[in-house]
Amino acid sequence: MSGKSLFEKVWEDHLVSAETPSNPAVLYIDLHLAHEVTTPQAFTLLREQGLPVRRPDLTLATLDHSTPTVPVGSLQDLDVLSEPAQAAQIRQMAKNCADFGIELHGFGSDQRGIVHVIGPEIGATQPGKTIVCGDSHSSTHGAFGALAFGIGSTEVGHVLATQCLLQRKPMSMAINFNGRLPVGVTAKDIILATIGEIGVNGGTGHVIEYRGNVISNLSMEERMTICNMTIEAGARAGMMAPDNTTVEFLAGRPQAPVGADWDSAVTRWLSLPSDDDAGFDREIDIDVTNLQPMVTFGTNPGMVVPVTDPVPDGNGEPSFRKALDYMGLESGQPMQQTSVDIVFVGSCTNSRLPDLRTTARVLKGRKVADSVRMLVVPGSEIIKQQAEAEGLHEIFLAAGAEWREAGCSMCLGMNGDNLQPGQLCVSTSNRNFEGRQGIGGRTVLASPETAAASAVNGHITDPRTML
Amino acid sequence: MEKLTHIHSRTIVLPQTDIDTDQIMPGRFLTSTTREGLGEALFADWRYADDGAPLADFALNQPGAAERQVLVAGNNFGCGSSREHAPWGLVDFGFRAVISTQFADIFRNNSLKNGLVPLIVDEDTHNWLLENPGVTVDIDVASATLSLPNGTCREFPLDGFAQHCLLEGLDQLGYLLNKETEISHFEQVRRWKP
Ligand code: SF4
């Protein structure tokens, strides 16, 4: 008999009942993350059926998607700071949490921030847990060896009411990263190149385990960047083996176990990595030795090239042409000649402290080009404080960038931080879909290094020229 | 949820591949705190001009579109965000099935919970449907078959449990609530606790 993979171990550990041909598995959920956009309809369902939230203690709620990125003192401030619909949604979230006994990390809380940033930050995200959220970037938490995936609002209702989900067991895929990562090439470039390689539907139906020496050498923040974009390859979840880096990251976090509980948790966590003889339904090898900084040129994250390349030609394929028309790009034109209107450093992909430090390193002693507006949006209140304690915000402000409050911001443009039609944005977020950052807005996905270098030059720039 | 046993309708075709949920339901409509009324916003950025006027050549704006229950779309429909507002919008517009060669996982799950059938066909059938927009198709949920006017009849994959829920109009929450004893037992006996 072959051994078990990390995914199989976590899956089997949470089966309230296993699947049969006629019924899906009942899977227990250890941590439910909630935000204001995908939960209102679920709370309505609970109210209609007179149901309580089964485990408020396993529910972590925050405000991130439609929140302003200017300072908000209290919910009253939203009258002037937000559009009425956004304000109503945020107030509804506060009321739902109050009515159902869920602690809300809202305005005024030190622990408010993008839902996928705060989970790990407060130590709620832990190896071996099942974690869900009404948000596809739940895959982020897989960096800790958790099984974490996005669900719809109906399923949010299922978890609120029963702490369980009905699931069919996904297939498994291993992606092995080997070789040596060149200087100036980041975790963001690894995942963009991977999506380019396997396609935006390359992972559909699968849970991916990212493996290999390249992964073990990454920090937790870098691992999260990779797992975050797993959904952009269509996969159900992305996972990485917990190791000493994971354990060190979690030590001393507010919700991490303490004392004897910590010791036994660590023992359990370190037993989770896939057995040597574990089997996968699919296996892919990627050598990173010749990897370059990557940028997207089209309207999905699989349309990606090295920053030093020209825009590809796509063999005249209609959706390819439509994408280039939308982006205002021509085949053959060097990516680096593309001029930039906005630069956004933020989102659950790249808004953590190391991302802000790299951004600052590029900007230090330089200026954002006059033609460019640059926003730097920290992923959480804690990151904001830490960045300010290190003086990073002074570097951003001196360079002419805006330094804002934590939230999703321009990643999805729900809170008023939008692109105008035709504007091109180099963004450290995860989706370059048409209109994602504002109607008619054009998104080029890149690492914080590439984003910052592009802000300085006013056109897309290979960051290795500024390191 | 209403029972869904049978669909008999002309199709609407959107041939683009990789249509993501940001296109199906743009982010600015996610401020809704209810499920209703999202049909208006369906494909908003492709469907309306800057001044809000419907674009005549967009498939959903053509005469009779509101009566059609079947959308035929390019490969890999529904990728991206988990927003259930996408299937809510499709259902509110009047769709009961989407036909493609592949669906994104979360979209497929969300659809089945809202009486919308994500129907996977082989490439030949798909190409025929893309090339013949507006044909009348017949979908039988109980036998999981799709019949085309050219005489083709194809079975499509449909999870038995989801099929049962569609046919009976069952909401899956009821099934989970009935598992309460097993869930409590699991919480008590598991080796470690979150
Ligand atoms: S930062 Fe963007 S991708 Fe991440 S949770 Fe917010 S909206 Fe979603």
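Residues numbered from 1 in each chain as written. Chains lettered and ligands numbered in written order. Predicted model: local features only at pLDDT ≥ 70, side-chain atom pairs only at ≥ 80, totals over all residues. Heavy atoms only, no water.

1. Examining the interface of chain B and chain A
In step 1: Facing 52 residues of chain B, the contacting portion of chain A comprises 63 residues.
In step 2: Roughly 4,900 Å² of surface becomes buried between chain B and chain A when both sides are summed, with 56% attributable to carbon and sulfur atoms.
In step 3: For the interface between chain B and chain A, the tally reads 8 salt bridges.
In step 4: Where D159(B) meets R168(A), a salt bridge forms, and the shortest distance between an N and an O atom there is 2.7 Å. (Contact = heavy atoms within 4.5 Å. Buried area = accessible area lost by both parts, 1.4 Å probe. Salt bridge = Lys/Arg side-chain N within 4 Å of Asp/Glu carboxyl O.)

2. Considering the site of the ligand
Residue and element names in this part refer to chain A.
In step 1: Looking at the ligand, the residues that line it are H65, I114, H116, D135, H137, S347, C348, C408, C411, L412, N430 and R436.
In step 2: Here the shell around the ligand is built from residues that sort into 5 nonpolar, 5 polar and 2 charged.
In step 3: Mapping the shell around the ligand onto the domain boundaries places at least three of its residues in each of domain 1 (1–291) and domain 2 (294–465). (Near = heavy atom within 4 Å. Nonpolar A, V, L, I, M, F, W, Y, C, P; charged D, E, K, R; others polar. Domains from an automatic or database assignment.)

3. Thoughts on the packing of aromatic side chains
In step 1: Scanning the entire structure with this criterion turns up 16 aromatic pairs over all chains.
In step 2: For the pair F177(A) and Y210(A), a centre-to-centre distance of 6.1 Å together with 20° between the ring planes defines the contact as stacked. Of this pair, F177(A) sits in strand β9 (residues 171–178) while Y210(A) sits in strand β10 (residues 206–211), and the two are 33 residues apart along the sequence. For the residue pair F177(A) and Y210(A), the accessibility class agrees, reading buried in each case.
In step 3: An aromatic cluster is defined as three or more aromatic residues linked by ring pairs; in this entry it consists of F43(B), W46(B) and F58(B).
In step 4: Over the ring of F249(A) we find R253(A); its NZ or CZ atom is 3.9 Å from the centre of that ring.
In step 5: Over the ring of W192(B) we find R190(B), and its NZ or CZ is 4.6 Å from the ring centre. (Phe/Tyr/Trp six-rings, centres within 6.5 Å; stacked < 30°, edge-to-face > 60°. Helix = DSSP H or I, 4+ residues; strand = E, 2+ residues; numbered from the N terminus. Buried < 20%, exposed > 50% of the residue type's maximum accessible area, 1.4 Å probe, protein only. Lys NZ or Arg CZ within 6 Å of the ring centre and 35° of its normal.)

4. Section: the side chain of T69(A)
In step 1: If you trace the backbone, T69(A) turns up in the loop between β4 (59–62) and α3 (78–81).
In step 2: On the basis of relative accessible area, T69(A) is assigned to the buried category, the value being 3%.

5. Topic: helix α2 (residues 40–49) of chain A
In step 1: What α2(A) keeps buried is the set P40(A), Q41(A), A42(A), F43(A), L45(A) and L46(A).
In step 2: In this fold, the buried residues of α2(A) make contact with α4 (84–100) and α6 (153–162) of chain A together with α3 (85–93) and α7 (172–177) of chain B.
In step 3: Phi for G50(A), located one or two positions after α2(A), is positive at around 65°.

6. Quick word on the sheet that holds strand β12 (residues 282–287) of chain A
Residue and element names in this part refer to chain A.
In step 1: The sheet built from 4 strands is open, its strands ordered β11-β10-β9-β12 with parallel pairing. Two strands in the sheet have a free side with no partner beyond their single neighbour: β11 (237–239) and β12. When strand polarity is set aside, the average angle formed by the axes of neighbouring strands in this sheet is 20°.
In step 2: Docked against the sheet, helix α7 (residues 187–198) engages β9, β10 and β12, running at close to 125° with respect to β9. (Pairing = 2+ DSSP bridges. Axes fitted to C-alpha atoms, helices over the stretch in contact; angles between N-to-C directions.)

7. Structural notes on the domain arrangement of chain A
Residue and element names in this part refer to chain A.
In step 1: If you check the domain split of chain A, you get domain 1 (1–291) and domain 2 (294–465).
In step 2: Computed over C-alpha atoms, the centres of domain 1 and domain 2 are 24 Å apart.
In step 3: Contact residues are listed per partner, giving 41 residues for domain 1 and 41 residues for domain 2.
In step 4: Taking both sides of the interface into account, the surface hidden between domain 1 and domain 2 amounts to around 3,300 Å²; carbon and sulfur atoms contribute 59%.
In step 5: The largest share of the area that domain 1 buries against domain 2 comes from T69, I114 and K188, three residues that together contribute 20% of it.
In step 6: Where domain 1 touches domain 2, the interface holds 2 salt bridges.
In step 7: Across the contact surface, domain 1 and domain 2 share 23 residue pairs in polar contact (both at pLDDT 80 or more). (Polar contact = N/O pair within 3.5 Å; in protein donor to acceptor, adjacent residues only side chain to side chain.)

8. Regarding helix α5 (residues 123–131) of chain B
All names here are of chain B.
In step 1: Among all positions of α5, only T125, H126 and L129 are buried. Down the axis, α5 shows its buried residues gathered within 100° of arc, on one side only. Of the residues in α5, the exposed ones pointing more than 90 degrees away from the buried face are E123, D124 and E131.
In step 2: Tucked inside the fold, the buried residues of α5 contact β1 (6–14), β2 (70–73), β3 (97–100), β5 (136–140), β6 (145–147) and β7 (153–155). (Arc of directions from axis to C-beta.)

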